[in-house]
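One letter stands for each residue in the lines below.
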Amino acid sequence: MREGNEDGFAQVLRAEWTKLRTVRGWLIGLVVAAVLGTLLSIVSANGSHSGICVGSNPANTRCFAGHPAVPAGPGGQVVADTYELIHRSLDGNGAITARITSLAGIISEQNMNRASLTPQGRPGLVGWAKAGVIVTSSTKPGAPYAAVMATGGHGVRFQYDYSHDIAGTPGAVSPGNQRWLRLVRQGDALTAYDSTNVSSWHEIGSTTSTGLPNTVEIGLFVTSPVTYALSSQGNTTEAIARFDQVTVEGRTTTAVWQHTSVGGGNNFYPTLGFGSARLIGGTFVITGTGDIAPGVLAGMIAQNPATGQSIIGILVGLIVLIVIAAMFVAAEYRRRLIRTTFTAMPNRGRVLYAKAIVIFAVAGLTEAVAAAISIPVGRHLLISNGNYLFPIGALTTARDVFGSAILVALSAVAVLGLATILRRSSGAVAGGIALFVVPVILGATVTGSVGEWIYRLTPAAGLSVLDSAPSSPLVSYPYTIQNGYYPLGAWVSLIVPCCYAALALGAAAMLLRRRDA
Amino acid sequence: MSAGDTELTPTESYNDAMTDATIEMTGVRKRYGETVALDGMSFSVQPGRVTGFIGPNGAGKSTAMRVILGLDAPNEGTALVGGQPYRSLHRPLTHVGALLDADALQPSRSGRNHLLWMAQSQRISAGRVDEVIDMVGLTGAAKRKAGGYSLGMRQRLGIAAAMLGDPPIVMMDEPFNGIDPEGIIWMRGLLRSLAAEGRAILISSHLMSELEDVVDHVVVVGRGKVLADATIEELVARASHDTVTVRTDTPAEAVTAIQAAGGTAAITSTDCVEVAGLQPRLVVEILSAGRVSFSEVTSQRANLEDVYLQLTAGEAEFQAHSDARRRR
């Protein structure tokens with residue numbers, strides 16, 4: 001061509017950006033989207049209070065803002081650490097061996113919302129009820145430890161420092177099917193064994209990573225976690241274990257066994273009454289309730305979402321942005337301005353992509369600003385209202401800010417494509433809401449696998465990017481959308497709304513080239 | 001936009017492209033569903049003159065313009081500007097300036113910002129935007145929302161947009177629509193001066209009277225076809241249906257006398273005879289020689305309007321019939 005300068009995409013982009021920024025109503029809309037999104041998050045955080053009430057009857061009950069203690073594990077992670085412990089102090093090397101002859105349990109018949117101090121129970125042993133031998137640095141909740149245990153449904157396990165788990169001999173414990181458990185401390189190394197006949201021992205595994213001090217507590221423990229099999233609110237449980245043939249090797253500094261309810265008192269983990277321990281002849285009968293596991297406490301005391309930004313805030317901001325994205329194209333069709341556009345810029349695909357980039361950047365920035373304000377302010381309000389929040393790092397905060405921004409930006413791009421296909425803002429707005437807002441609400445309302453699939457297949461999948469509640473295979477918990485758990489990986493989930501946006505934009509580009517303007 | 005992008009001054013591009021100041025339409029057919037909008041339309045627009053594009057509403061003028069601008073794709077035939085399809089033009093507004101629809105504005109965007117995005121899309125400087133605003137006399141209103149403009153102001157804004165790239169080809173669809181008399185005079189002056197600069201100008205109208213004083217060349221269209229493509233002089237001469245009206249108390253005698261002299265005449269009312277093919281002076285001589293009394297002899301020269309009406313008469317009849325059919 002004659003021109004010394006190549007025709008650039010940059011000038012199309014610049015023209016489209018000028019178009020957007022020169023309509024005051026749209027700029028006001030962007031501000032409204034950011035303010036509404038932020039305000040709703042702040043209002044919802046401000047209205048969420050948590051408190052503890054103490055007292056034996058309504059007349060002298062005292063309530064105050066705050067939440068029960070949540071222990072931090074050796075790495076600072078949130079842990080559950082509530083159990084019944086029979087222990088002695090051990091200096092240096094040593095070992096403990098015990099035979100567990102029975103493991104049974106009771107499950108509360110009332111869910112945790114209605115639990116009284118003396119709940120009715122019925123027999124039942126939950127899968128992660130634990131009873132075994134333990135070496136722990138102290139009886140303080142969150143202390144480093146290693147333990148070999150029989151479980152209600154997962155056989156013998158060697159676990160240490162809350163999140164590490166190695167399977168031993170499978171099968172349930174019963175009077176006819178007993179287990180010998182042995183834990184040996186040699187220098188820094190802790191080695192776990194189990195046996196079904198005391199003569200042949202099986203090494204389950206060993207670790208040197210727990211970093212226990214020279215003096216440790218060594219002994220027997222029992223605990224039994226909340227089950228969600230009977231109700232979505234959860235039911236507390238307890239386990240009763242019988243141990244005999246208990247031997248401790250090494251230099252023990254306490255002459256008699258001591259009994260400690262670890263994590264008793266002001267601890268978040270719900271328990272079924274109180275534990276107990278008795279020594280009858282050579283047999284220890286220990287009743288325990290609680291858990292030693294990673295802290296999955298979404299249903300217990302934690303707020304959702306952990307970020308402090310409310311999903312409703314994101315959705316309301318998104319609705320405003322959907323309207324702007326639809327108008328950005330449809331208003332040109334309505335006024336036949338699209339002809340002027342294509343006369344000035346005959347490469348229609350370029351115009352569409354320039355518009356998409358502009359709306360992506362503008363919608364993303366709007367949501368990023370809203371999130372960057374909502375998250376710290378929301379968290380601050382929630383915490384000062386006595387709520388417990390999962391500790392999140394700067395990286396998680398950044399992921400939530402950028403993740404929600406990208407999700408909203410992709411939605412706006414898809415609506416832009418839709419508006420180009422339909423050439424009408426009303427249809428594009430309705431379609432945008434049906435595609436990007438309704439599934440979020442629907443998926444969170446419909447229980448079971450339908451809801452999960454909605455959060456996998458529809459653009460609502462992108463909300464998985466906000467998933468910051470911890471989960472663990474060592475804790476049986478309904479990891480559902482209602483409880484703040486999303487079915488996809490954080491960043492991977494954005495591929496789904498990305499596909500929708502690409503599909504809408506691709507169809508729009510194809511139609512634009514074929515259609516008369 | 002990076003600082004490295006240079007904004008070309010309009011003058012450079014103008015001189016560059018002036019050699020290509022033509023529009024050529026060849027055998028263009030365009031259907032919208034069952035409706036045939038363009039039925040093998042062919043014509044060309046040459047530089048240095050104003051070409052009128054005239055025809056009744058629905059004749060295909062706007063469609064032809066959209067096809068020229070690459071907005072609508074023809075089913076058959078080609079439309080070229082400066083020898084190229086519009087869609088292949090780089091910085092197209094520096095080649096063709098078009099005003100299709102003065103109402104095609106985002107009402108909440110100011111007139112100046114409307115021109116600004118167009119300028120940016122062509123890498124034309126913001127200085128040129130102010131220049132064209134000044135040229136059309138919108139300086140005072142440029143920063144107001146375009147939604148508040150009168151139709152005349154919107155037309156001026158549309159003309160400013162068409163002139164933004166200082167293009168060698170200017171195309172306007174019904175530019176006189178809604179403009180006040182003062183604006184019409186201004187517009188005629190503008191169109192003449194643009195043509196005098198060597199540009200090719202194509203303006204459409206459904207009224208010949210609007211164009212008569214400004215166009216050099218006329219393309220008359222009807223039902224998607226070109227009915228006439230000629231200069232004003234050719235068109236008037238081709239029609240040459242000059243008539244002479246004779247007012248007389250004895251029309252029958254007047255007809256006999258004229259027919260005897262070799263002319264054609266017909267009684268049009270009780271005291272009027274219309275004579276064709278004879279000069280008024282000759283008619284007076286014949287009547288005087290035949291002793292036919294008359295009170296008045298007037299000459300009626302065919303004007304462009306008559307030619308236009310004759311050309312498009314069949315078209316109008318057809319439309320009336322089809323309208324009648326539809327009503328039933």
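It should be noted that the structure appears before, not after, this text.
Residues numbered from 1 in each chain as written. Chains lettered and ligands numbered in written order. Predicted model: local features only at pLDDT ≥ 70, side-chain atom pairs only at ≥ 80, totals over all residues. Heavy atoms only, no water.

(A) Structural context of the environment of A:Ser426. Here A:Ser426 is to be found in helix H7 (residues 425-436). With 99 residues separating them along the chain, A:Ser426 and A:Met327 place their C-alpha atoms 9.0 Å apart. (Helix = DSSP H or I, 4+ residues; strand = E, 2+ residues; numbered from the N terminus.)

(B) Up close: helix H4 (residues 337-344) of chain A. Where burial is concerned, most of H4(A) is hidden: 7 out of the 8 residues are buried. Inspection of H4(A) places A:Leu337, A:Ile338, A:Thr340, A:Thr341, A:Phe342, A:Thr343 and A:Ala344 among the buried residues, and these make up the whole buried set. Contact partners of the buried residues in H4(A): helix H1 (9-21), helix H3 (311-334), helix H5 (348-384) and helix H10 (495-514) of chain A together with helix H3 (111-121) of chain B. (Buried < 20%, exposed > 50% of the residue type's maximum accessible area, 1.4 Å probe, protein only. Contact = heavy atoms within 4.5 Å.)

(C) Molecular detail of H7(A). Residue and element names in this part refer to chain A. Relative to the 16 Å expected for 12 residues at 1.5 Å per residue, H7 spans 16 Å between its end C-alpha atoms, a close match to the ideal helical length. Considered for burial, the residues of H7 that qualify are Ala428, Val429, Gly432 and Phe436. For H7, the arc enclosing every buried residue in end-on projection is 100°, short of the 170-degree limit, so these residues lie on one face. Looking at the buried side of H7, the elements it contacts are H3, helix H6 (394-422), helix H8 (438-445) and H10. (Expected span 1.5 Å × (residues − 1). Arc of directions from axis to C-beta.)

(D) Broad picture of the sheet that holds strand E6 (residues 169-173) of chain B. All names here are of chain B. Read from one edge of the open sheet, 6 strands run E5-E6-E7-E3-E8-E9, paired in mixed fashion. The two strands at the open ends of the sheet, each matched to only one other strand, are strand E5 (96-99) and strand E9 (225-231). Each adjacent strand pair in this sheet contributes to an overall mean axis angle of 15°, direction not counted. Bridge count between strand E3 (residues 49-54) and strand E8 (residues 217-222): 4 bridges; the pairing is parallel. (Pairing = 2+ DSSP bridges. Axes fitted to C-alpha atoms, helices over the stretch in contact; angles between N-to-C directions.)

(E) Local environment of the side chain of A:Asp194. All names here are of chain A. Take Asp194: it is sitting in strand E10 (residues 189-195). An unpaired buried charge is present at Asp194: no salt bridge exists, and Arg179, the closest side chain of opposite charge, is 5.5 Å distant. For Asp194, the side chain forms a polar contact with the side chain of Thr169, separated by 2.8 Å. With residues near it in sequence (within four places) discarded, Asp194 still touches Val156, Gly168, Thr169, Trp180, Leu181, Ser200, Trp201, His202 and Ile204. (Lys, Arg positive; Asp, Glu negative; His and termini not counted. Salt bridge = Lys/Arg side-chain N within 4 Å of Asp/Glu carboxyl O. Polar contact = N/O pair within 3.5 Å; in protein donor to acceptor, adjacent residues only side chain to side chain.)

(F) Structural context of the packing of aromatic side chains. All names here are of chain A. In total, this model carries 12 aromatic pairs over all chains according to the counting rule given. Residues Tyr228 and Tyr477 carry aromatic rings whose centres are separated by 4.8 Å and whose planes lie at 85° to one another, so their mutual orientation is edge-to-face. Of this pair, Tyr228 sits in the loop between strand E12 (215-223) and strand E13 (237-252) while Tyr477 sits in the loop between helix H9 (449-457) and H10; the two residues are 249 residues apart in sequence, bridging distant segments of the chain. In this pair, the class of Tyr228 matches that of Tyr477, namely buried. When the centroid spacing of 5.9 Å and the interplanar angle of 65° are considered together, the rings of Tyr477 and Tyr485 count as edge-to-face. In terms of burial, Tyr477 and Tyr485 fall into one category: buried. Among the aromatic residues, ring-to-ring pairing joins Tyr228, Tyr477, Tyr479 and Tyr485 into one connected group. (Phe/Tyr/Trp six-rings, centres within 6.5 Å; stacked < 30°, edge-to-face > 60°.)

(G) View of the interface of chain B and chain A. Between chain B and chain A, the residue contacts involve 41 residues of the former and 35 residues of the latter. Interface area for chain B against chain A, summed over the two sides, is near 3500 Å², with a carbon-plus-sulfur share of 52%. Ranking the residues of chain B by area buried against chain A places B:Leu71, B:His90 and B:Trp117 at the top, with a combined share of 19%. At the boundary of chain B and chain A, one finds 2 salt bridges. Here A:Arg336 makes a salt bridge to B:Asp101, at a shortest N to O gap of 2.5 Å. For the pair chain B and chain A, the interface holds 13 residue pairs in polar contact (both at pLDDT 80 or more). If you list the elements that add at least two residues to the side of chain B that touches chain A, you get strand E1 (23-32) and H3 of chain B. A per-element tally of the side of chain B that touches chain A places H3(B) first, with 7 residues. Considered class by class, the residues forming the side of chain B that touches chain A number 16 nonpolar, 13 polar and 12 charged. (Buried area = accessible area lost by both parts, 1.4 Å probe. Nonpolar A, V, L, I, M, F, W, Y, C, P; charged D, E, K, R; others polar.)

(H) Expanded view of the packing of H6(A) against H7(A). Residue and element names in this part refer to chain A. Between H6 and H7, the shortest axis-to-axis distance is 9 Å and the interhelical angle comes to 140°. When the axis of H6 is compared with that of H7, the two are oblique. The interaxial crossing formed by H6 with H7 has right-handed handedness. On the side of H6, the interface is formed by Ser411, Ala414, Val415, Leu418, Ala419 and Leu422, while H7 contributes Gly427, Ala428, Gly431, Gly432 and Phe436. (Parallel < 35°, antiparallel > 145°, perpendicular 65-115°, else oblique. Left-handed = near helix turned anticlockwise from the far one by under 90°.)

(I) Expanded view of the pattern of salt bridges. Residues and elements named next belong to chain B. The full count for this structure, using the stated rule, is 26 salt bridges over all chains. Put simply, Arg112 and Asp130 hold a salt bridge, and the shortest N to O gap is 2.9 Å. Pair noted here: Arg112 is in helix H3 and Asp130 is in helix H4 (residues 126-135), with a separation of 18 residues, a long-range link.

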